Amino acid sequence: MNSFQYLHPQSIAELIKLLYKYQEKIRVLAGGTDLLVMMKQGRLAPEYVVSLKDVPGLTYIREQKNGGVKIGAMMSLREVECSESLRLRYPSLPCAAGWVGSPQIRWRATIGGNLCNGAPSADLAPPLVCLGAQAFIQGKSKRMIPVEKFFIGPGKVALGAGEFLRELIIPPLAPHTFGTYQKFSRSTMDIAVVGVAAAATFERGGFCSDLRVCLGAVAPTPLRALEAEKLGTGKSWTNEIIQAVALKASEEARPIDDVRGTIFLRRTLVEVLTRRVLIECLEQARAENQT
Amino acid sequence: MPGTSSRRKSNVKESLAHTIRLKVNGDLHELTVKPHHTLLDVLRDQLELTGTKEGCGLGECGACTVHMDGKPVNSCLVLALEADGSEIVTIEGLAKAGKLHPVQRAFVEKGAIQCGFCTPGMVMASIGLLAEKPNPTREEIKQALIGNLCRCTGYKKIIEAVSEAASSGGARDDE
Amino acid sequence: MMNKDFAVIGKNVPRIDSIPKVTGEARYTCDLKLPGMLWGAILRSPHPHAKILRVNLERAKGLTGVRAVITAEDVPQNRFSFIQALADKNIFCREEARYIGDEIAAVAAVDRDTAEEALQLIEVEYEPLPAVFDPEAAMAPDAPRVHDRENNIVYEFHKSFGEVDKAFELCDVVCEDRYLTHQLAHCCMETSNCIAQVDSSGGLTLYVNTQAPHTQRQELARILGLPIGKIRVVNSNMGGGFGSKLVMDMKGPIAACLSMRTNKPVKIINSRQEEFSTAKTRYPYIMDIKVGATKEGRILSRQARVIVDNGAYNDKGPSTLSFASMMFNVLYDVPNTQFDACLVYTNKQFGTAFRGFGNPQIAFATECQLDDLAKRLKMDPIELRMKNLNKPNSMTTHGARITSCGMQECMEVSAKAIGWSEKRREPKKFRGIGMANMVHSGAGSRYYGFNSNDAFVKIADDGTVTLITSALDMGQGAQTTMAQIVAEELGVKMESLKVLTNDTDLTPYDLGSYGSRATFICGNAAKLAARDARKELVFVAGEMLEANPEDLVVKNGVVHVAGSPGKSIPVAEIVQYSVSKKGSSISGRGHFVDTLASGADITAGYLTHIPTFAFATQMAEVEVDPETGKVKVLKIVAAHDTGTAINPVSAEGQIEGGVVQGFGYALMEKLSVKDGRVENISFLDYKIPNSGDIPDIETILVETEDPDGPFGAKGVGEPGLVPTAPAIVNAIYDAIGVRFKELPVTPEQVLKALRDRPR
């Protein structure tokens, strides 16, 4: 790697000052499993690297009184994967976290880093989008934007000069909401060729009142399949409806050819994985009804 | 420049040297490092603990796995400066007074070692698994080791060794 | 089965190098540091084909910490190749670079960072030239020339037996197909590296992870223009070989030249990216194969036309082709065969030996085609092969002498283990089973004019037995196998064995560890050395025990008269007695020469070069997900005829490792090359199997007893890999009715094939 100046602020205030001072010359180091890889490959060569290692107050999972949860950006993916509290309420998050890399990677990688890296294949993004999660951004001021709007393009996220991602806020779910994430890759440890998450709210009789479907790795950013969602909302699901939603999702996807997969493969997989996540949501709903 | 793991100096300022303090295998060290040095560099080059290997430099192969504050990590993706204040255990820190750790013994007895280059990383990752799950299933062992590549053994005997170590109480270090 | 009352042969003795490896004490070449050592780095061509107009080293030389910068002008101009008659490569490119990665210049500096920075400061002006990447395109008369020669076809190979065309006319069914395989990377976990050190007498020591130290020494001498006697090659533990480290690569001579310049040791090590993007690969084969059989199932005729993508320079191309043709001929002893092949230059990374040595490519084609033939003959795949068995103690029509042969038993036991009959009778949707056979050499080959070995044994006065052998251990367990052979033959415990093997100053000349030859060739020499030492031992013991040496038994490190174990003397005491009372040490020498059949000629002989053959059958059960195209391999049964398995766990380990490499070959691995540039230069995108990907593997050792192998053993290093891909591809056909003729079989290909399949 190119050499650089290493900075390690001891507080959020100090961090923000440095980010604002060095602007485009600085990169934030969380777990390092994306940043250091890119620096070693020569794709990035920042003059300044600011470490979050000693910045307190960024590592937590806090259940909220209203039923939601707040996750500090520096929470390791391993801890997200193993969190009992997340598994009970938002199982798609531990599921997605467990798909990232290997245990060694997950002990260092962070949920904030997974998003800020800006990869359209980020495994945590589709489930967070489906859960309606908000990104809490702090700089000279604080603001919140939906995770859906956090991604701007490949490697680009909605952080301005002097800003960093501090926390993820996941709102309480409507009752009988079920969600999951599935991923297709070339081997057991891999970046997603395609990732699909869904969250579906069911009322009596298997009637779906709300559906969110988010696709990873098939567009410049994680992509909500809005037209597909419409086809599945406000009705009781049959096999035909599930198939129609899946087909529409694959039409909405905008994949490219790259070393991991072709357009043909990705479109096919979007349809297949969408169908599978929908079926899984339905099965979760049925299981709950039976208990 | 195709194919080189670029470690070029920037043509901006000379990068500053920092001092770090860390414990490695129980010994406290005070070292001078540059920002771009990784924990792996420090272990192998400065401390001459060459048991931890570099197989890829990008966190894909796991040959560089060490325990950092009790967790298995790829030391090639940890800056030395990030390890300041940490406790590190490498493969050299396992055997106590000439007695092998149960996982090490199981690897030897089960024929899980061929060229041996992946072995230190495999052992460290396996111990990391057993610390969390003292009685893992075969599938759990397989999943725990996906970040450790082996080109020689086909993994079968490695998985058997970890299973064997678990059933003989390998989660604990026996003194 | 032979008398198996052995002390250590056939026992699962832990490998003698396990403990240093599991504690991290074992040193590999990449771990070595010598006093005053400098770091070398190599500047490589970014163009697949270019003229080198100008090289400016001034800025690089001026960087603080740089001790030397060299190019073609500063080094010997000798050209090199493994086969010297085909020499086409210099240490550095002189006027022309021929592939992305071709060496242009090198630096030596005080540390790695400085060396890498210095490379950036070397200015090279290139004039890109037209390049060619596809071997068939390269054969066209107007194709860009990779080298300054008439055309890009660098070597041709033709071998025929009988009359194929006449025989095809007698066949009831003929199949004709094209099969394709691509470039693969060895992916040794330790990347290739070396340290060169010159001394004041002009001597050169090269510390390098090589599979063939003595031939490497000769290669260095050739290219550097040094007398062989001045060169010493030293190995450490090796982090994998698989054929990649048989032939010298330019790092050795470059490090040597840098060391000569600076008078310091110089280390050069490939990064993983450098390894993927510039190192040698498996040869890709384009194979047009034709096979014909009578309706009774007798295979009468087989023909292969093979175009091999040589890459930019010569290496093991001719040898792999020749070997592939041999296996093509021996398997099923087809009486009429024709094998026409050519090696074609392209502007890409060039090929070298890779486990299987041409056999995985050709076996993929022939074993998949054989399944098609079986289908058209309306025969079960096993049934067809049973009608064309290789048999023990036979001579094939091509002159190959088969001694031990477990082909039939391999098929029978593997079929039983996987449940062949039941599963074929009651197929499940999208599930299938397939099989493939293979033959391979079990003992290297004599076609380099050499297949013999020496070994030495000495016994110290504390009873330690030291074996000096040239059997190189690259992880396959050769050291342990040799130790077991000596321990058994001599009658001592494994714990008393020490094996020395890694220094050309010490070890006898040998061709190296490859071709599955170490167990057979070096093992036989070790056995003879042990036998020789034992003779001296019992002679002295006879004096001490007042008994006839012929009546003495050596077992577990003690000697006693047969039938009177109560009165025994430890080996250590015998040696002490010999040294102090008789003034004589105890040692032994073994000289093994693998003998050819009488009248055979090394230079003109073909299949007579192979001392013994190993056979195997693998069967695979797969499940195809028709929606995603993913092929899940549920189980592989690998039945291997290894002769006596000296160390069964070790043999299994070799086979299991081979199977997983074969699995990767079938479904995952391929260097993606576009316009001569490798796109997947890390494990992120060149996927090799990890622990989560692997199938269930059951290994069955079919222990025929080879009459010539040490204790009946044969080589097992390579066969594990050879039948796996065709077994899997044949299983895929059974599952979804699609025959794939190109590796790897990816989800994309499966989906497309299912989509395009006629209903």
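Since the structure is predicted, the reported quantities are computational estimates derived from the model, not experimental observations.

About the criteria used
Residues numbered from 1 in each chain as written. Chains lettered and ligands numbered in written order. Predicted model: local features only at pLDDT ≥ 70, side-chain atom pairs only at ≥ 80, totals over all residues. Helix = DSSP H or I, 4+ residues; strand = E, 2+ residues; numbered from the N terminus. Rg over C-alpha atoms; globule rule 2.2 N^0.38 Å. Buried ≥ 20, exposed ≤ 12 C-beta atoms within 10 Å, placed from the backbone. Contact = placed C-beta atoms within 7 Å. Nonpolar A, V, L, I, M, F, W, Y, C, P; charged D, E, K, R; others polar. Domains from an automatic or database assignment.

Q: Give me the overall build of chain C: which residues, what numbers.
A: Counting its regular elements, chain C contains 19 helices and 30 strands. In terms of C-alpha radius of gyration, chain C reaches 27 Å, essentially the compact-globule figure of 27 Å for 759 residues. Once the C-alpha set of chain C is aligned to its principal axes, its extents read approximately 85 × 75 × 50 Å. When burial is assessed residue by residue, chain C has 62% of its 759 residues classed as buried. At a minimum sequence separation of 6, the contacts of chain C that also span at least 24 residues come to 81%.

Q: Could you give me a rundown of the interface of chain B and chain C, with the residues and numbers involved?
A: Listed by partner, the interface residues are 48 residues for chain B and 57 residues for chain C. For the side of chain B that touches chain C, the per-class residue count stands at 21 nonpolar, 17 polar and 10 charged.

Q: Describe the domain arrangement of chain B, with residues and values.
A: Residues and elements named next belong to chain B. Domain parsing of chain B yields domain 1 (18–93) and domain 2 (102–167). Taking only C-alpha atoms, the centre of domain 1 and the centre of domain 2 are 21 Å apart. Taken together, the 13 residues of domain 1 in the interface contact 11 residues of domain 2. Of all the elements in the fold, those that place two or more residues in the side of domain 1 that touches domain 2 are strand 3 (65–68) and strand 4 (71–74). Along the lines of polarity and charge, the residues of the side of domain 1 that touches domain 2 split into six nonpolar, five polar and two charged.

Q: Please provide a residue-by-residue account of the interface of chain A and chain B, values included.
A: On the chain B side, the residues contacting the 26 residues of chain A number 32 residues. Considering only residue class, the side of chain A that touches chain B consists of 11 nonpolar, 11 polar and four charged.

Q: Describe the domain arrangement of chain C, listing the residues and the values that go with them.
A: Residue and element names in this part refer to chain C. With domains assigned, chain C is organised as domain 1 (38–129 + 192–269), domain 2 (285–446 + 603–756) and domain 3 (452–593). Using only C-alpha atoms to locate each centre, domain 2 and domain 3 end up separated by 38 Å. Tallying the contact residues gives 24 residues for domain 2 and 17 residues for domain 3. Counting residues per element, the ones that place at least two in the side of domain 2 that touches domain 3 are strand 18 (431–441) and helix 17 (648–667). Residue composition of the side of domain 2 that touches domain 3, grouped by class: 10 nonpolar, 12 polar and two charged.

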